[in-house]
Amino acid sequence: AYDPGHDVAGMRERTQWLVELGSNENPYGPSPVARAAVLDALHLMHRYPDPRGARLKAALSNRHGVEPERILLGNGSHELLMQFAQVFAGPGADVVYSQYGFAVFALAAGASGATCRVAAALAPDATMPLGHDVEALLRAITPSTRLVYIANPNNPTGTWLDRDSLARFVDAVPADVILVVDEAYGELADAHNYASALTLTKSRPNLVVTRTFSKAYALAGVRCGYAIAAEGLVAVMERVRESFNVNAFALAACEAALADEAHLAWCRERNAEQRSALTTALRQRGIAVLPSQTNFVLAHFGERTGAIEAALVERGVVLRPMAGYGLPDYSRITIGTADENRRLLAALDEVFP
Ligand code: PLP
């Protein structure tokens, strides 16, 4: 059996009291090979990083079977999501995204000066509660629309667009509108009907897929994400990219992490196992939980959500309040380790209902 050999337990000791389930981080930590690569890179911190990120692009090119010219590296995928709106939208343009879509889409559109057009999400009792409504998204597109964002799977709902709906959506978005499919949690999705949009980028010059090393690869702190799109689109983005936007430690860590498939599989398995166990445990307590393909679940606590979140904080358990998303009766819970989830449930049993 795979054993990462590093101190998952030691990491836990440093945060022993606090169970941090608010930021969708990977609680198992990065590949030990990635850590070693960062330590090694420390010796060269007086040098600038490779401005092209050539080695990491070569590794990604191998992994995904796409030419390096179709890969764009970012200081986290957040940087790229912001830049797409700066480059392709702006005043006079519309940007479309879904209600309960990832918060950065609204920030990016707003910062660019574009007009935000928010498509209503599916109803709470739909098959995919609060998920993306493909028809509503298509209806929201106007002749002024330059950019559409969707996250698949989505944050904060955890829901996903099935393979057929995604393909239909990609086909239906007009060719002069850029469609960004944010797959930050893509590596953690294992549903039979989930599919990445990566292969579709080959034939769709307006399609961009973004990924990150922050979630499944547990490298949120070093900041690195990437986009895959048509060569021409990547070339435009390269012109506005800051030369050294990805630092030397991120380049080293991500290249090493990509090569450690056993660690990725180990994190995926544990996350899936705990996602299922936590969902069952919450539902057994009468708490409605949305289906999730990510490393978090959206739980419905009802009217007392705020009081429950506050009582959990007093017990050292931090969840993410959802009032800012227009979902005040829900909390987003990052899936922790088995131990962390036990502590969450024990604290919850003291405060709920
Ligand atoms: N996209 C989604 C859907 C996310 O949930 C996150 C982070 O939580 C990001 C993108 C940004 O990730 P990063 O900037 O760390 O790559």
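Computed from a predicted structure; not experimentally measured.

Caption draft 1: Structural view of the packing of helix 10 (residues 261-284) against helix 12 (residues 338-351). For the pair helix 10 and helix 12, the least separation of the axes is 11 Å and the interaxial angle reads 10°. Of the possible angle classes, the one that applies to helix 10 and helix 12 is roughly parallel. Here Gln-274, Ala-277, Leu-278 and Ala-281 of helix 10 come into contact with helix 12, specifically with Ala-338, Asn-341 and Leu-345. Here the residues of the contact of helix 10 with helix 12 are counted per class, giving five nonpolar, two polar and no charged.

Caption draft 2: Quick peek at the sheet that holds strand 12 (residues 320-321). Spatially, 9-10-13-12 is the arrangement adopted by the four strands of the open sheet, whose pairing is antiparallel. The sheet is open, and its two edges are formed by strand 9 (288-289) and strand 12, each paired on a single side. Pairing analysis gives two bridges linking strand 12 to strand 13 (residues 330-334), with the strands arranged antiparallel. From the neighbouring strand, Arg-320 faces strand 13, where its bridge partner is Arg-332. Its contacts with the sheet place helix 10 against strand 9 and strand 10 (296-300), and it is angled at close to 10° to strand 10.

Caption draft 3: Up close: the site of the ligand. Taken together, 13 residues lie near the ligand, and Gly-76, His-78, Ala-184, Thr-212 and Ser-214 sit nearest. Tallied by class, the residues present in the shell around the ligand amount to four nonpolar, eight polar and one charged.

Definitions and cut-offs
- Residues numbered from 1 in each chain as written.
- Predicted model: local features only at pLDDT ≥ 70, side-chain atom pairs only at ≥ 80, totals over all residues.
- Axes fitted to C-alpha atoms, helices over the stretch in contact; angles between N-to-C directions.
- Helix = DSSP H or I, 4+ residues; strand = E, 2+ residues; numbered from the N terminus.
- Parallel < 35°, antiparallel > 145°, perpendicular 65-115°, else oblique.
- Contact = placed C-beta atoms within 7 Å.
- Nonpolar A, V, L, I, M, F, W, Y, C, P; charged D, E, K, R; others polar.
- Pairing = 2+ DSSP bridges.
- Near = placed C-beta within 6 Å.

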